[in-house]
Amino acid sequence: MSRQQITDCMTRREALKRGLFGAAGLTLANPLGVRARSAPPRTRAKSVIQIWMWGGPTHLDTFDPKPEAGDDYCGPFKKPIATNADGVRICELLPLLAKQADKYSIIRSMTHGNNSHETASYIVQTGREPGRLVYPSVGAVVSRFKGYDHGYKGLVPPYIVLTQPQGRFSEAGFLGQRYKPFATGGDPNRTPFVVEGIVAQGISDDRQRKRRELLHNLDSLGKAMPNNPHFERLDRSEENAYGMMFGDARKLFDLSEEDGETRDRYGRNTFGQSCLMARRLVEHGVPYVTINYKGWDTHKQHFETMRRKLPEMDAGMATLLQDLADRGLLDSTIIWWSGEFGRGPKIQWNPPWNGGRSHHGKCFCALVAGGGFKGGRVVGASDEKGMEVADRPVYPTDLIASMYELLGIDPEGPMPNPRGLDVKVMPASDKGGGRLKEIV
Amino acid sequence: MRRLEAEVLVDALCWISGTREGYSSAIPEPFTFIPQENRSIELADGSITSQFLEMFGRPARDTGLESERDNRPTDAQRLHLLNSTHIQNKIERSSRLNGLIRAAKGKRPRLINSIYLNILSRYATPAELSAAENYFQTKGINTRQATNDLVWALINTKEFLYRH
């Protein structure tokens, strides 16, 4: 081609500006080849709040009570309560959630069969069995498809973890560090909520500004090499960083902007305030927030721990659901409650457990709400003891693919990645009952 | 022009501050808690890691390929170096810095130069020396704070982060 012909052709940059790639269904990863797909399904969900029950929450003592199975299985919680959804009952320690049952649906037949923490966390959050590649989790995929690459212009990164990250098996996988979550650290129940990198304790704004000036004055190498692309990138990052530090990002994380009565309703504990923080983030437009809720690995002291934690979980979650509904956000926000597995239905009374529950990956519970999921329903069923799936098994792949559909991410589409791998967003699923059509 | 690798960077920061990172391994043999004297570059296993190392591109060694290491800069890295409690604590608790302050015996140019030597392995230029001296005279910032901020500024310069 002659030089003139080359400049006459529309450059890729122009095509991007005109949005042609997106409209024709082409992706950056494969600009020439892919046949245009049919229009993406109607999407309602814009954000996801993932409540990650770290350690594996008991399914019998939460959303799948089995008082008829006897003391050895149900333990002291023998009187499950009715909810405002017909025929659905949950543990008696969750009265506030019982009043919100019209908003969520319970999946009682989650299964993957794995009882190891890391492997099961990986399977539940990626929908894939472990293999040679480390796949990205739901958060990283949503960040890839709804984050900076797709016009996200929020003040804070698009994938946020409150407050401690889980580590590599539940994160960005081969997508690389650009899609890792931003973990806030700190504790939203404390004042101030020290968000790593954005709120620094003990350094005044004035000192921040002055030392930034010092940094610029001492940047001899940078001044000596003004057009270096590495350094330009570093400068842009610095601009963005200070934008977050001094701008409205700081206000976003400032929970004292909420009135005390609201904060009380969510619960003055880390989980409750994290739920409130998640609502604020979603209101701002953050596509994915994970609340890593620790302490559910109750091999010992199970029932004491449940008496302590279930009311906390109840208040936080129920208030979150009500608050999102009140603000008109529930329709566009998926809430996904799950852990890596459930806990053994048969209580281990013998030492050293003395009343604990083991890991149970064969059959456990998950909860979904909002974003296009219907509420007030139950999907699947476990057997009379909660040991095995009795009806309609749901594999993590099915649940995740259903969420992607609601978010407008094509589960059968290609997964763009920096390593040039030819992989799809979700694997084909031939096990189980398929996607959650009953509640979409 | 190459950015320092994650392990090298954290080791340099630990050396400058006289602090250590605490690593732990899920595999109890040979160590559950990696001995403090071991440097990060010596970490034997991809799964023994920290938030800092992952953020700065250390590979998890899933594939064993060199290309798995990602030294590209991200906003999160810049934010971390500029304002995280992790780095701020290292500076504020730095035993080495205490030693340098004592050794300078109150002479500011000497202190500034010894900090430059420790971090950038060179003396400060006259322009840099005067900029730093000016900073020490800022109202509302005491000597120790100004010293901390000088260290903070130098570890955030391109010269420190990039091998040239």
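### Considering the overall build of chain A
- Looking only at helices and strands, one finds 15 helices and 14 strands in chain A.
- Here chain A holds 440 residues, and 49% of them are scored as buried.
- Taking the contacts inside chain A whose residues are at least 6 apart along the sequence as the reference set, 70% of them involve residues at least 24 apart.

### Observations regarding the sheet that holds strand S12 (residues 378–379) of chain A
Residues and elements named next belong to chain A.
- With respect to topology, eight strands assemble into an open sheet ordered S6-S5-S7-S1-S8-S11-S4-S12, the strand pairing being mixed. Edge positions in the sheet fall to strand S6 (182–183) and S12, since each of these pairs with one other strand and no more.
- As paired strands, strand S1 (residues 47–53) and strand S7 (residues 288–293) are joined by six bridges and run parallel to one another. The residue bridging Trp-52 from the neighbouring strand is Asn-292, located in S7.

### So, the interface of chain A and chain B
- With 35 residues of chain A at the contact, the number on the chain B side is 37 residues.
- Considering every element that reaches the side of chain A that touches chain B, the biggest residue donor is helix H10 (residues 229–246) of chain A, with 10 residues.
- Class assignment for the residues of the side of chain A that touches chain B results in 14 nonpolar, 10 polar and 11 charged.

### Points about the packing of helix H5 (residues 95–104) of chain B against helix H6 (residues 108–120) of chain B
All names here are of chain B.
- Running from amino to carboxyl end, H5 crosses H6 at an angle of 145 degrees, the nearest separation of the two axes being 9 Å. As for the relative orientation of H5 and H6, their crossing is right-handed in sense. Residues Leu-100, Ile-101, Ala-103 and Ala-104 of H5 form the contact with H6, whose own contacting residues are Arg-110, Leu-111, Ser-114, Ile-115 and Asn-118.
- Of the residues in the contact of H5 with H6, the class split is six nonpolar, two polar and one charged.

### Considerations on the environment of Pro-157 of chain A
- Topologically, Pro-157 of chain A is positioned in the loop between helix H7 (138–146) and strand S5 (159–162).
- Exposure remark for Pro-157 of chain A: the 25 C-beta atoms within 10 Å place this residue in the buried category.

### Looking at the pairing of S7 of chain A
Residues and elements named next belong to chain A.
- Burial analysis of S7 places six of its six residues in the buried class, the great majority of the element.
- Going residue by residue along S7, you find Tyr-288, Thr-290 and Asn-292 tucked away on one face and Val-289, Ile-291 and Tyr-293 tucked away on the opposite face as well.
- The pairing of S5 with S7 spans four bridges and is parallel. What sits directly across from Val-161, in S7, is Thr-290.

### Digging into the nonpolar core
- Among the nonpolar cores identified, the biggest contains 146 residues, and Ala-278, Val-289, Ile-335, Val-368 and Met-403 of chain A are the most heavily contacted of them.
- In terms of residue count, the dominant contributor to this core is helix H14 (residues 302–326) of chain A (nine residues).
- When residues of this core are assigned to domains, at least three map to each of domain 1 (6–91) and domain 2 (94–163) of chain B.
- With residues up to four places along the chain from it excluded, the contact list for Val-368 of chain A reads Tyr-104, Ser-105, Ile-107, Ile-334, Ile-335, Trp-336 and Phe-373 of chain A.

### Some details on the environment of Ser-84 of chain B
- Along the chain, the position of Ser-84 of chain B falls in the loop between helix H3 (75–83) and helix H4 (85–92).
- It is 17 Å that separates the C-alpha atoms of Ser-84 of chain B and Leu-161 of chain B, two residues lying 77 residues apart in sequence.
- When residues no more than four places from it in sequence are discounted, the contact partners of Ser-84 of chain B are Glu-196 and Gly-197 of chain A.

### Looking at the confidence of the model for chain B
- Across chain B, pLDDT averages 85, with 100% of residues at or above 70.
- Interface confidence for the predicted complex, given as ipTM, is 0.87, next to a pTM of 0.84.

### Looking at helix H8 (residues 143–155) of chain B
- For H8 of chain B, spanning 13 residues, the distance from its first C-alpha to its last is 19 Å, which sits close to the expected 18 Å at 1.5 Å a residue.
- Ala-146, Thr-147, Asn-148, Asp-149, Leu-150, Val-151, Trp-152, Ala-153, Leu-154 and Ile-155 of chain B are the residues of H8 of chain B that are buried.

### Looking at helix H13 (residues 270–284) of chain A
Residue and element names in this part refer to chain A.
- Taking 1.5 Å per residue, 15 residues should reach 21 Å; H13 reaches 21 Å between its end C-alpha atoms and fits that length.
- Taken together, the buried positions of H13 are Thr-270, Phe-271, Gly-272, Gln-273, Ser-274, Cys-275, Leu-276, Met-277, Ala-278, Arg-279, Leu-281 and Val-282.
- Against the buried residues of H13 lie S1, S5, helix H12 (260–266), S7, H14 and strand S8 (333–339).
- Following H13 by one or two positions, Gly-285 has its phi on the positive side, about 115 degrees.

### Regarding unusual backbone geometry
Residue and element names in this part refer to chain A.
- Residue Thr-163 is bonded to the preceding Leu-162 through a cis peptide linkage, with omega at -10 degrees.
- For the peptide bond that leads from Pro-351 to Pro-352, omega is 0 degrees, which places it in the cis range.
- Turning to its location among the elements, Pro-352 is positioned in the loop between strand S9 (342–343) and strand S10 (359–360).
- Positioned with a positive phi, Asn-354 is a non-glycine residue whose angle comes to about 50 degrees.
- Relative to the helices and strands, Asn-354 resides in the loop between S9 and S10.

### A few points about the domain arrangement of chain B
Residues and elements named next belong to chain B.
- Looking at the assigned domains, one finds that chain B contains domain 1 (6–91) and domain 2 (94–163).
- Summarising the inter-unit geometry, the C-alpha centres of domain 1 and domain 2 are found 25 Å apart.
- Elements represented by at least two residues in the side of domain 1 that touches domain 2 include exactly helix H1 (6–17), H3 and H4.
- Tallying contributions element by element places H1 first for the side of domain 1 that touches domain 2, with three residues.
- Residue classes in the side of domain 1 that touches domain 2 are distributed as five nonpolar, three polar and one charged.

What counts, and at which threshold
Residues numbered from 1 in each chain as written. Chains lettered and ligands numbered in written order. Predicted model: local features only at pLDDT ≥ 70, side-chain atom pairs only at ≥ 80, totals over all residues. Helix = DSSP H or I, 4+ residues; strand = E, 2+ residues; numbered from the N terminus. Buried ≥ 20, exposed ≤ 12 C-beta atoms within 10 Å, placed from the backbone. Contact = placed C-beta atoms within 7 Å. Pairing = 2+ DSSP bridges. Nonpolar A, V, L, I, M, F, W, Y, C, P; charged D, E, K, R; others polar. Axes fitted to C-alpha atoms, helices over the stretch in contact; angles between N-to-C directions. Left-handed = near helix turned anticlockwise from the far one by under 90°. Core = buried A, V, L, I, M, F, W, Y, C linked by C-beta atoms within 7 Å. Domains from an automatic or database assignment. pLDDT = per-residue confidence, 0-100. Expected span 1.5 Å × (residues − 1).

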